[in-house]
Amino acid sequence: MEWFSSLKLARGANSYSLYVLALLLFAYLLNQLDRYTLAIVTKPAAQEIGYGDQGCMRNESFPISKSLSHKTCLEISTETECFGAQENGTFGCKWDYTGQGFDYQILAGPVFIGIYTFAAIPVAAIPTVTGGSWCQPSSFGSWDANNNDGLVGAAYRKLWGHFNIGILLGISVVFWSACTLLTGFVDSYWQLLVLRFGLGLGQSGCTPFAASLISDYFSEQLRGAALGVYNWGIYTGYSMSFALGNLITQANINGQGWRWVFIIAGIPGIFLGFLIMLTVREPERTKGKNEPGDKDEVRSSCGHLCHIVSSFCRPSILLLCLAGSIRNAAGYVWAYNTQIYYETLGESRGQIASWLSLVPMIGGSIGVLVGGFISDRFAAHGTGPHGRIWVLIMSQILAAPFAAGALVLPPPYAYMSLIPTYIIGEMWVSVTLAVLVELVPAKIKTTSVAVYFFIISNIGGNMPLLVPVLRPAFESWGYTKEAALRFTLLALYPGEYVLGSALFLLTLFVLKRDIAYIQEHLTKSDPPNVEVVAMDKKLPHNPQPDPELEKQGQEQTKM
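In this text, all values refer to a predicted model and were calculated from it rather than measured experimentally. Sequence order sets the numbering: in each chain, residues are counted from 1 along the sequence as written. For a predicted model such as this one, the threshold for reporting local features is a pLDDT of at least 70, and the threshold for listing and counting side-chain atom pairs is 80 or more; totals across whole chains, interfaces and linings nevertheless cover every residue. Neither water nor hydrogens contribute to the side-chain values; these are computed over all heavy atoms in the structure.

Considerations on the overall build of the protein chain
Part 1: Here a helix means four or more residues in a row that DSSP labels H or I, a strand means two or more in a row labelled E, and each is numbered from the N terminus. Assigned secondary structure in the protein chain consists of 26 helices and six strands.
Part 2: Residues counted as buried form 58% of the 559 residues belonging to the protein chain.
Part 3: The contact rule is simple, with two residues in contact once any of their heavy atoms fall within 4.5 Å. When contacts within the protein chain are restricted to residue pairs at least 6 apart in sequence, long-range pairs at least 24 apart make up 82% of them.
Part 4: To measure how exposed things are, a 1.4 Å probe is used in the Shrake-Rupley method; for residues, cover is taken only from the protein chains shown. On the protein chain, roughly 23,100 Å² of surface is accessible, and the fraction owed to carbon and sulfur atoms is 65%. Exposed residues in this analysis have more than 50% of their type's maximum accessible area, buried residues have under 20%, and partly exposed residues fall in between, with area computed by a 1.4 Å probe over protein chains only.

Okay, structure coming up:
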């Protein structure tokens, strides 16, 4: 389990390596905090800057009454009627920007995701170019750190060859943190667009650079544990966005509540970035005797690229990517609309912060770990990727009712329903990666993971654009605004859990044929892929797998 891996990491790594890992963890935490802060403060930001939809809402300076409650104001559809809603001569409702609509979803999706994913292509090549390794988890707890960087790496080798990766990471952190800080001073929508674009550009370098440093500072036996510690930043940073975004806005420092959220979130990253640049040393590296030169790499890049394309054209991987994209979309839709939904129910910022500053951090972290652990147990019993995919199918089906509960139950039960949603539903993250690397030849694992993330991020990250399409449709069918938002999120949150599960199920029907394809195309030039060798003992190509390889695979899954 994770605490055991962390204990192993503390005992096996030197103090300086742990110091570097702590810096990387803090950088990733700030990465997630800065990314999702906009989702928490979009309503007050929109009201001051002027973007998105407008609607009637309760005037918060007026005491709540039975005749002019939050829901009463919410259901008023015209500006004239909204201003006419008075009690004892006081305007109990107001007409203002809601922080929703296409303008907001564009900030949340296309502006950020587009540059974030496309900028990561040359950035991901830099670590390998400079002598490090752009690593990704090749299975739950194991790493593949020796792959060729392929076409992109060959093209960028001379351009980036003299840069220090620690300095590059520090520059990235300073850049995106400065964009976050400056967001606190914007006074127009186009400025917000530009800074959101800059945020995506800066954050595109975080994980590639961090992963390269982890591969440099930790041995192969400790990299899985180091990655686990680094990934704590995902849910911790996301949870902190609810705490910081709600409580600081509520405090309303100098009458500039939401602006101080971005200022406070951005300042630590600037100091951290300079600390990384000044204190993270570039590890000494030696060039291998058989390391190919630039001409050799360019010559082999086309074949490498063709191998990747052919792999991703196989039905099982296509379906796996589609299923992962749909499931990823559910996460993006919920992450960028959670605050909006609970505010629509009339929840205060303090109430939202008290629950969502803890639930994602605890539930999500447990879910990722439990998913990898369970899928590895299935794989260890000879089921291979088939067993892992059954974990994906069942986990999403089981999590869907709890995800629906977060939308149909009243608070605080809605918040409580999110706990099993995260624990069960987040299993897919590590399990899907494990399946992917079992379905591709060993020499293209790293690039395949990068392509997979590129696909699911672009599809899933832009799915929030459907919210301002579906919500008005439900309203036109006679639903109230609250119900319309609820049914929209039901379709795009638990609904996509179910759809993703169905697509994972379809993957099973073509899986065995693709496993046989991989077996047939393993050549002497490809190092044996332990996962492939053991994935289906019934295949005639390996009737008696090498016991030593099986032992190595079991040791990897126990990391």
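Things to note about the pattern of salt bridges
Part 1: Any Lys or Arg side-chain nitrogen found within 4 Å of a carboxyl oxygen on Asp or Glu counts as a salt bridge. Scanning the entire structure with this criterion turns up eight salt bridges.
Part 2: One salt bridge connects Glu438 with Arg388, and the closest N-O pair in it is separated by 3.0 Å. Here the residue Glu438 occupies a position in helix α20 (residues 428-438), and Arg388 occupies one in helix α18 (residues 359-408), the gap between them amounting to 50 residues. Just as Glu438 is buried, Arg388 falls in that class too.
Part 3: Through salt bridges with shared partners, a single ionic network connects Lys71, Glu482 and Arg486.

Overview of helix α17 (residues 349-356)
Part 1: Restricting attention to buried positions, one finds in α17 the residues Arg349, Ile352, Ala353 and Leu356. Buried positions in α17, seen along its axis, are confined to an arc of 95° and lie on one side of it. Throughout, the arc means the angular range of directions from the helix axis out to the C-beta atoms.

Some remarks on the environment of Thr98
Part 1: Inspection of the secondary structure puts Thr98 in the loop between β4 (93-97) and α5 (102-108).
Part 2: Owing to a relative accessible area of 16%, Thr98 belongs among the buried residues under this scheme.
Part 3: Residues contacting Thr98, with those up to four places away along its chain left out, are Lys43, Asp53, Gln54, Gly55 and Met57.
Part 4: Polar contacts involving the side chain of Thr98 include one to the main-chain amide nitrogen of Gln100, which spans 3.3 Å. Definition of a polar contact: a pair of N or O atoms within 3.5 Å, with one able to donate and the other able to accept a hydrogen when the atoms are protein atoms, and with sequence-neighbouring residues admitted only if both atoms are side-chain atoms.

Considering the packing of aromatic side chains
Part 1: Centres within 6.5 Å are what make two rings of Phe, Tyr or Trp a pair, Trp counting through its six-membered ring; a difference in plane orientation under 30 degrees is then read as stacked, over 60 as edge-to-face, and the rest as tilted. Summed over all chains, the structure comprises 22 aromatic pairs.
Part 2: Measuring from centroid to centroid gives 6.1 Å for Trp258 and Phe262, while their planes differ by 85°, and the two rings are edge-to-face. Of this pair, Trp258 and Phe262 both sit in helix α13 (residues 257-279), four residues apart, roughly one helical turn.
Part 3: Given a relative accessible area of 4%, Phe262 falls into the buried group.
Part 4: Centroid distance Tyr479 to Phe487: 4.9 Å. Interplanar angle 55°. Geometry classified as tilted.
Part 5: A relative accessible area of 33% means that Phe487 is categorised as partly exposed.

Details of the nonpolar core
Taken as a class, soluble globular proteins show a tendency for nonpolar side chains to be buried jointly.
Part 1: Tyr51, Tyr230, Trp334, Tyr342 and Leu418 are the most contacted members of the largest nonpolar core, which has 122 residues in total.
Part 2: Here this core gets 18 residues from one element, more than from any other, and that element is helix α2 (residues 15-49).
Part 3: Residue contacts for Tyr342: discarding those within four places in its chain leaves Trp334, Glu347, Ile352, Leu356, Ala406, Ala414, Tyr415 and Leu418.
Part 4: The next biggest cluster of nonpolar side chains, apart from the first, holds eight residues, and it includes Cys56, Cys73, Ile76 and Cys82. Residues belong to a common nonpolar core when they are buried Ala, Val, Leu, Ile, Met, Phe, Trp, Tyr or Cys residues joined through side-chain atoms within 4.5 Å.

Regarding the confidence of the model for the protein chain
Part 1: The predicted model of the protein chain averages 79 in pLDDT, with 74% of residues at 70 or higher.
Part 2: Low pLDDT, under 50, characterises residues 286-292; the predicted model gives this stretch one contact beyond four residues in sequence or across chains.
Part 3: pLDDT: the predictor's confidence for each residue, scored from 0 to 100. This stretch, residues 523-559, has a pLDDT under 50; its non-local contacts, to residues over four places away or in other chains, come to 57 contacts.

Here we look at the packing of α2 against helix α10 (residues 206-217)
In helix packing, the relevant descriptors are the interaxial angle and the interaxial distance, both defined with respect to the helix axes.
Part 1: Where helices are involved, their axes are fitted lines through C-alpha atoms of the stretch in contact, as for all axes, and angles between N-to-C directions lie from 0 to 180°. Relative to each other, α2 and α10 sit at 165°, their axes nearing to 11 Å. By the angle between their axes, α2 is roughly antiparallel relative to α10. The two elements α2 and α10 cross, and the hand of that crossing is left-handed. Listed contacts from α10 to Tyr16, Ser17, Val20, Leu21, Leu24, Ala27, Tyr28 and Asn31 of α2 are Cys206, Thr207, Ala210, Leu213, Ile214 and Tyr217. Oblique is the label for any angle not under 35 degrees, not over 145, and not in the 65 to 115 range, which are roughly parallel, roughly antiparallel and roughly perpendicular in turn. A clockwise turn of the near helix away from the far one marks a right-handed crossing, whereas an anticlockwise turn of less than a right angle marks a left-handed crossing.

What about the pairing of strand β1 (residues 54-58)?
Part 1: Of all five residues in β1, four are buried; the element is thus mostly enclosed.
Part 2: DSSP calls a pair of strands paired once it identifies at least 2 bridges connecting them. Strand direction decides the pairing type here: β1 and β4, joined by five bridges, are antiparallel. Its bridge partner lying in β4, Arg58 is registered against Cys93.

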